[in-house]
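Remarks on the overall topology
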Amino acid sequence: MKAILSADRNWGIGYQNKLLVTIPSDMRFFRETTTGKVIVLGRKTLETFPGGLPLKNRVNIVLTHDKSLQVKDAVVVHDLEELMEELKKYPEEDIYVVGGGSVYELLLPYCDTAYVTRIDMAYQADTFFPDLDQDPEWELVQESDEQTCFDIEFTFTVYRRKQK
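In the annotation of an unreviewed UniProt entry, the entry for the chain reads dihydrofolate reductase, and the organism field reads Candidatus Fusicatenibacter intestinigallinarum. UniProt, in its Sequence similarities (unreviewed entry) section for the chain, records the words "Belongs to the dihydrofolate reductase family." Entered under Pathway (unreviewed entry) in the UniProt record, the comment concerning the chain runs "Cofactor biosynthesis; tetrahydrofolate biosynthesis; 5,6,7,8-tetrahydrofolate from 7,8-dihydrofolate: step 1/1."

Right under this line is the structure:
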């Protein structure tokens, strides 16, 4: 399982249920990486998608405590056990955790790779991803050259869980 996200200098990933910033090349990377794959997300993240609808050309698995939630073109699960049972249907390398904060927190222990677009700015944030630079279980294994979108500098990075 993999995580995919964008984070600012302080590992902030969202504010008031929105991304901190939208970078077209980051969105393109997300789309190219997850198309044809399985994405795992929470209900609040689903609500941020265009029209509040599942993303096309992917298997969308929504994790929610809301037992009444039904989502057209998505699989809805209600706890970790139900999610793990559902994920057995798919190759592990095709599964991407796409947020939000509580879903990342719950599933990071099951991830072996994190694709993180690191944004060289600090934004006002109320949702954070764990700081992988400070986590001894993770190491930065790849980093792109610095890129710029308007006045925003960022890099595409890959973190891997160290083998035990």
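A look at the overall build of the chain
Within the chain one finds four helices and twelve strands. A compact globule built from 164 residues should have a C-alpha radius of gyration of about 15 Å, and the chain, at 15 Å, falls within 12% of that. If you line up the chain on its principal axes, its C-alpha atoms span 40 × 40 × 30 Å. For the chain, the residues scored as buried account for 46% of the 164 residues in total. In the chain, the proportion of contacts linking residues at least 24 apart, taken out of those at least 6 apart, comes to 63%. For the chain, the computed accessible surface area is about 9,300 Å², with 49% contributed by carbon and sulfur atoms.

Let's talk about the packing of aromatic side chains
In the structure shown here, the tally under the stated rule is seven aromatic pairs. Seen from their ring centres, Trp11 and Phe129 are 6.2 Å apart, and the 25 degrees between their planes marks the pair as stacked. With a gap of 118 residues between them, Trp11 in the loop between β1 (2–7) and β2 (12–15) and Phe129 in the loop between β9 (127–128) and β10 (138–143) connect regions that are remote in the sequence. Taken as a pair, Trp11 and Phe129 share a single burial class, namely buried. Grouping aromatic residues by their ring pairs yields a cluster made of Phe29, Tyr96, Tyr115, Phe154 and Phe156. Just above the ring of Trp11 sits the side chain of Arg118; from NZ or CZ to the centre is 4.0 Å.

Quick notes on helix α1 (residues 24–34)
Turning to α1, its buried residues are Ser25, Asp26, Phe30, Thr33 and Thr34. Along the long axis of α1, the arc covered by the buried residues comes to 155 degrees, so they all point the same way. Each element contacted by the buried residues of α1 is listed here: β1, β4 (38–42), β7 (95–99), β8 (113–119), β11 (147–149) and β12 (152–161).

Comments concerning the nonpolar core
A general trend in soluble globular proteins is that nonpolar side chains are found buried together. The biggest cluster of nonpolar side chains holds 26 residues, and the ones touching the most others in it are Leu5, Leu83, Leu87, Phe129 and Leu132. Elements with a contribution of two residues or more to this core: β1, β4, β5 (59–63), α3 (80–87), β7, α4 (101–107) and β8. Residues within four places of Leu5 in sequence aside, it is in contact with Ile13, Tyr104, Tyr115, Val116, Thr117 and Phe129. Leu41, Leu55, Ala74 and Val76 belong to the second largest nonpolar core, which has 15 residues in total.

Observations regarding a negative patch on the surface
A surface patch of negative charge is lined by Glu143, Glu146, Asp151 and Glu153. Residue classification places Glu143 among the partly exposed positions, given a relative accessible area of 49%.

Criteria and thresholds
- Residues numbered from 1 in each chain as written.
- Predicted model: local features only at pLDDT ≥ 70, side-chain atom pairs only at ≥ 80, totals over all residues.
- Heavy atoms only, no water.
- UniProt positions renumbered as here; feature names shortened; annotations may be inferred.
- Helix = DSSP H or I, 4+ residues; strand = E, 2+ residues; numbered from the N terminus.
- Rg over C-alpha atoms; globule rule 2.2 N^0.38 Å.
- Buried < 20%, exposed > 50% of the residue type's maximum accessible area, 1.4 Å probe, protein only.
- Contact = heavy atoms within 4.5 Å.
- Areas by Shrake-Rupley, 256 points an atom, 1.4 Å probe, with all protein chains shown as cover.
- Phe/Tyr/Trp six-rings, centres within 6.5 Å; stacked < 30°, edge-to-face > 60°.
- Lys NZ or Arg CZ within 6 Å of the ring centre and 35° of its normal.
- Arc of directions from axis to C-beta.
- Core = buried A, V, L, I, M, F, W, Y, C linked by side-chain atoms within 4.5 Å.
- Patch = residues over 30% accessible without salt bridge, like charges linked within 9 Å, V, L, I, M, F, W, Y side chains within 5 Å.
- Salt bridge = Lys/Arg side-chain N within 4 Å of Asp/Glu carboxyl O.
- Lys, Arg positive; Asp, Glu negative; His and termini not counted.
- Charge placed at Lys NZ, Arg CZ, Asp CG, Glu CD.

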